[in-house]
Amino acid sequence: MPELRVGVLAVQGDFEAHARILRQLGAEASEVRTPEDLEDLDGLVIPGGESTTIVKGIESAGLEPALRAHHEAGRPILGTCAGLIVCDSEHLGFLDATARRNAFGRQLQSFEADLAVTGIGDEPLRAVFIRAPWVESHGPEVEVLATYEDHPVAVRQGAVLAAAFHPELTDDPRFHALFMAMATSARERSERGEVAR
Ligand code: GLN
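Being a predicted model, the structure only gives us computed values, none of them experimental.

Taken together, G48, G49, E50, S51, C81, A82, I85, R101, N102, I130, R131 and H166 make up the full set of residues near the ligand. R101 is positioned such that a nitrogen or oxygen atom in its side chain is 2.6 Å from an oxygen atom of the ligand. Here I130 contributes a backbone N or O atom positioned 3.1 Å from a nitrogen atom of the ligand. In the complex, the protein chains occlude 98% of the 300 Å² of accessible area that the ligand would expose alone. Of the residues that constitute the shell around the ligand, the class distribution is 4 nonpolar, 5 polar and 3 charged.

By the element assignment, R23 lies in helix α1 (residues 15-24). What makes R23 partly exposed here is its relative accessible area of 48%. Distance in space between the C-alpha atoms of R23 and T118 is 24 Å, their sequence separation being 95 residues.

Those residues of helix α2 (residues 51-60) lying buried are S51, I54, G57 and I58. Summarising the axial view, the buried residues of α2 lie within an arc of 125 degrees, below the 170-degree limit, and thus occupy one face. Opposite the buried face of α2, at more than 90 degrees from it, the exposed residues are K56, E59 and S60. Residues of α2 that are buried in the fold lie against β1 (5-9), β3 (43-46), α3 (64-72) and α4 (82-87). Count one or two residues on from α2 and you reach G62, which has phi positive near 65 degrees.

This part takes up the sheet that holds β3. The mixed open sheet is built from 7 strands, whose spatial order is β2-β1-β3-β4-β11-β10-β9. Looking along the sheet, the strands with just one partner apiece sit at the ends: β2 (28-32) and β9 (143-148). Neighbour to neighbour, the strand axes of the sheet diverge by 20 degrees on average, direction disregarded. Taken together, the 3 bridges between β3 and strand β4 (residues 77-80) define a ladder with parallel strand orientation. Within β4, the position partnered with V45 by the bridge is L78. In the packing of helix α5 (residues 174-191) onto the sheet, contacts are made with β1, β3, β4, β9, β10 (151-157) and β11 (160-163), and the angle to β11 comes to roughly 170 degrees.

Turning our attention to the nonpolar core. Side chains that are nonpolar tend, in soluble globular proteins, to be buried together. Of all hydrophobic cores here, the largest spans 66 residues; its most connected members are I46, L115, F129, V153, F165 and F175. Here this core takes 6 residues from α5, the largest share from any one element. Setting aside residues up to four positions removed in sequence, F165 forms contacts with T80, C81, L115, L125, A127, V128, F129, V153, A154 and F175.

Reading the values: rules and limits
- Residues numbered from 1 in each chain as written.
- Predicted model: local features only at pLDDT ≥ 70, side-chain atom pairs only at ≥ 80, totals over all residues.
- Heavy atoms only, no water.
- Near = heavy atom within 4 Å.
- Polar contact = N/O pair within 3.5 Å; in protein donor to acceptor, adjacent residues only side chain to side chain.
- Areas by Shrake-Rupley, 256 points an atom, 1.4 Å probe, with all protein chains shown as cover.
- Nonpolar A, V, L, I, M, F, W, Y, C, P; charged D, E, K, R; others polar.
- Helix = DSSP H or I, 4+ residues; strand = E, 2+ residues; numbered from the N terminus.
- Buried < 20%, exposed > 50% of the residue type's maximum accessible area, 1.4 Å probe, protein only.
- Arc of directions from axis to C-beta.
- Contact = heavy atoms within 4.5 Å.
- Pairing = 2+ DSSP bridges.
- Axes fitted to C-alpha atoms, helices over the stretch in contact; angles between N-to-C directions.
- Core = buried A, V, L, I, M, F, W, Y, C linked by side-chain atoms within 4.5 Å.

Right under this line is the structure:
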């Protein structure tokens, strides 16, 4: 199978770190700034940054219809930190979940924790939280993959994977590898001519 083509939304935020990990895992990573950049991608990463800035950037670049088409085609999306917020039901609505911004409060703006994450093996994942959200509420189709102090911090709904932390800021590639596996099976399904999701 030719390389997976994964785009990283490059409106604002830490897109370069994601592209580096995706390349390490064998993907062809590209920056997404225009609707055309979203054509024929096998997966898309919406990185961390500032969710309000990212939402405005999506709007001013006219990216929303192409993002919706990508989602509706069942092509995987990984949202991290602000990217999780952008995917929630108050923004693009790719997740039946609401995120609480800066949820850990002023005392605990940035911290690291070892998390058990479903789907990446038994070894805990070192997670870097930076002014992170958590998932405040979610519907039954949202699978919680990891929690921190009882708050969901990694979730999956169909082809959408999201984390409140920054898996691109450590050298453990397992979270991105999970996403690449989702993108691989989505591409196999579409090559077999199966309908999305
Ligand atoms: N606090 C940011 C927001 O609310 C998210 C921080 C991040 O992505 N590291 O958008």
